[in-house]
Amino acid sequence: MTRRFAMVCRIRPEKREEYLRLHSPVWPEVEAMNFEAGIRNFSIFIRGDVLFGYYEYVGDDYEGDQAAMAADPLMQRWWSLTDPCQYGFDEDAPEGVRWQELDEVCHQD
């Protein structure tokens, strides 16, 4: 069963160009890791300082796949470059939380 995820965060204005450069194109190894982890149709959109992300998960162990990604040295390196470019959308976001998931209200195929 496919699970859909949507999330938002903000981009630090002084890091905008760096973030866009990192994603143009995304490292092939990062794309491969996402694919291995069951992530499909991954997109990030930008408007002003808001980043909107969307992906579909097609695996059967989301928590395990996410843990495997978090333990991977390449993903840790990628996040060490992208994380400083982002910050939480809400002022009350927990420390270290950048991307915040959105609740799905409606879906139509």
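Residues numbered from 1 in each chain as written. Predicted model: local features only at pLDDT ≥ 70, side-chain atom pairs only at ≥ 80, totals over all residues. Heavy atoms only, no water.

Peer 1: Give a detailed account of the packing of helix α3 (residues 62-71) against helix α4 (residues 73-82), specifying residues and quantitative values.
Peer 2: Two elements in contact, α3 and α4, have axes separated by 5 Å at closest approach and are oriented at 75°. Here α3 is positioned roughly perpendicular relative to α4, judged by the angle of their axes. Residue-level inspection shows M69, A70 and A71 of α3 in contact with α4, the latter providing P73, M75, Q76 and W79. When grouped by side-chain class, the residues that make up the contact of α3 with α4 number six nonpolar, one polar and no charged. (Axes fitted to C-alpha atoms, helices over the stretch in contact; angles between N-to-C directions. Helix = DSSP H or I, 4+ residues; strand = E, 2+ residues; numbered from the N terminus. Parallel < 35°, antiparallel > 145°, perpendicular 65-115°, else oblique. Contact = heavy atoms within 4.5 Å. Nonpolar A, V, L, I, M, F, W, Y, C, P; charged D, E, K, R; others polar.)

Peer 1: Run through the nonpolar core, naming residues and quoting values.
Peer 2: Judged by nonpolar contacts, the single largest core of 15 residues is most densely connected at F5, V30, Y55, Y62, M69, M75 and W78. If sequence neighbours within four positions are ignored, V30 has contacts with L74, M75 and W78. C9, I11, Y19 and L51 belong to the second largest nonpolar core, which has five residues in total. (Core = buried A, V, L, I, M, F, W, Y, C linked by side-chain atoms within 4.5 Å. Buried < 20%, exposed > 50% of the residue type's maximum accessible area, 1.4 Å probe, protein only.)

Peer 1: Quick rundown of the environment of A32? Include the residues and the values.
Peer 2: Its location among the elements puts A32 in helix α2 (residues 28-36). Residue A32 is classed as partly exposed on the basis of its relative accessible area of 40%. As for A32 and G48, which are separated by 16 residues in sequence, their C-alpha atoms are 29 Å apart.

The values are spatial; any link to function lies outside them.
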